[in-house]
Amino acid sequence: DEGAAMITTERIMFTGTLRTAEWKFSKMLSVTHSPQGYSVFALSGNRKPAGLAFGPDVATEVQFRIELGAAIARNRLPQYLAELQAEKAQHNTLMPVPPPPPAPPVT
C-alpha cells in the first residue's frame, strides 16, 4: 500500500489507499531498521511483524524520528540522548584524517 505516515510521541500512524494502521510505542517490543529504507515493528499481541518502507534517501531521518518518538513515549529520552552522545564521540574518534593540502604547481 502507499500513503502517508505520521510519527508522534505516542505512536506511528499510516493512512494508505487500501488501509490504515496504528502502531503504539507502548506496545512495541522491538524495531528493526534497514539502511535500504524500511523499519519493521514487533508488537505485543500481534503475531506478525509490521512496518513501513520509505526509501533510502530519507531512511536516516525517518528512523531517527521513530527512535526519538519511542524514547519520549517510554520516558527514555535522557538515556537516548546519552546513547546519541556516545555514538557521536565514537564517530569523532573514527573520523578520518583530512588529506594533506595539494602541492604547489611546478613551474
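So, a few notes on the structure that sits alongside this text. As the structure is a prediction and not an experimental result, all values here were calculated from the model.

Conventions used here
- Residues numbered from 1 in each chain as written.
- Predicted model: local features only at pLDDT ≥ 70, side-chain atom pairs only at ≥ 80, totals over all residues.
- Heavy atoms only, no water.
- Helix = DSSP H or I, 4+ residues; strand = E, 2+ residues; numbered from the N terminus.
- Contact = heavy atoms within 4.5 Å.
- Phe/Tyr/Trp six-rings, centres within 6.5 Å; stacked < 30°, edge-to-face > 60°.
- Buried < 20%, exposed > 50% of the residue type's maximum accessible area, 1.4 Å probe, protein only.
- Axes fitted to C-alpha atoms, helices over the stretch in contact; angles between N-to-C directions.
- Nonpolar A, V, L, I, M, F, W, Y, C, P; charged D, E, K, R; others polar.
- 1 Å grid on protein atoms, 1.4 Å probe; cavity = no way out; pocket = protein on both sides within 12 Å on 5 of 7 lines; lining within 4 Å.
- Points joined across faces, edges and corners; volume = space filled by probe spheres on them.
- Pairing = 2+ DSSP bridges.
- Salt bridge = Lys/Arg side-chain N within 4 Å of Asp/Glu carboxyl O.

Below, the discussion takes up the environment of Val62. Considering the arrangement of structural elements, one finds Val62 in helix 1 (residues 59-73). For the pair formed by Val62 and Leu52, sequence separation is 10 residues and the distance between their alpha carbons is 10.0 Å. Not counting residues up to four positions away in its chain, the partners in contact with Val62 are Ile7 and Phe54.

Let us now look at the packing of aromatic side chains. Enumeration according to the criterion identifies two aromatic pairs in this entry. Between Trp23 and Phe41 the ring centres are 5.2 Å apart and the planes differ by 50 degrees, which places this aromatic pair in the tilted class. One end of the pair, Trp23, is in strand 3 (residues 20-24); the other, Phe41, is in strand 5 (residues 38-43), with 18 residues separating them in the sequence. Of the two residues examined, Trp23 and Phe41, each falls in the buried class.

To continue, consider the packing of helix 1 against helix 2 (residues 77-93). Here helix 1 crosses helix 2 at 140 degrees, and the two axes come no closer than 8 Å. Contact residues: Phe64, Glu67, Leu68, Ala71 and Ile72 in helix 1; Leu77, Tyr80 and Leu84 in helix 2. When its residues are assigned to classes, the contact of helix 1 with helix 2 shows seven nonpolar, no polar and one charged.

This next bit is on the side chain of Ser34. Tracing the chain through its elements places Ser34 in strand 4 (residues 28-34). In contact with Ser34, not counting residues within four places along its chain, are Ala59 and Gln63.

Once that is clear, we can look at the layout of surface pockets. In this structure, the largest pocket occupies an estimated 260 Å³ of space. For the largest pocket, the lining is made up of 15 residues, of which Asp1, Gly3, Phe14, Leu52 and Ala53 are closest to its centre. Secondary structure elements with two or more residues in the lining of the largest pocket: strand 1 (3-7), strand 3 and strand 6 (50-53). With four residues, strand 1 is the single largest residue contributor to the lining of the largest pocket. Considering only residue class, the lining of the largest pocket consists of 10 nonpolar, two polar and three charged.

An order of 1-2-3 is seen for the three strands of this open sheet, with the pairing classed as antiparallel. What marks the edges here is a single partner per strand, and that holds for strand 1 and strand 3. Averaged over all pairs of adjacent strands, the angle between strand axes in this sheet comes to 10 degrees, irrespective of strand direction. One ladder, built from five bridges, connects strand 2 (residues 11-16) with strand 3; its direction is antiparallel. By the bridge assignment for strand 3, Arg11 is matched with Lys24.

Our focus in this paragraph is the pattern of salt bridges. Applying the stated criterion across every chain yields a total of four salt bridges. With its nearest N and O atoms 2.7 Å apart, the salt bridge here joins Arg65 to Glu61. On the criterion of helical spacing, the pair formed by Arg65 and Glu61 is a turn pair, its members being four residues apart in helix 1. For Glu61, a relative accessible area of 44% puts it in the partly exposed group. The closest approach of N and O atoms between Glu83 and Arg76, which form a salt bridge, is 3.3 Å. Look at Glu83 and you get partly exposed, because its relative accessible area is 41%.

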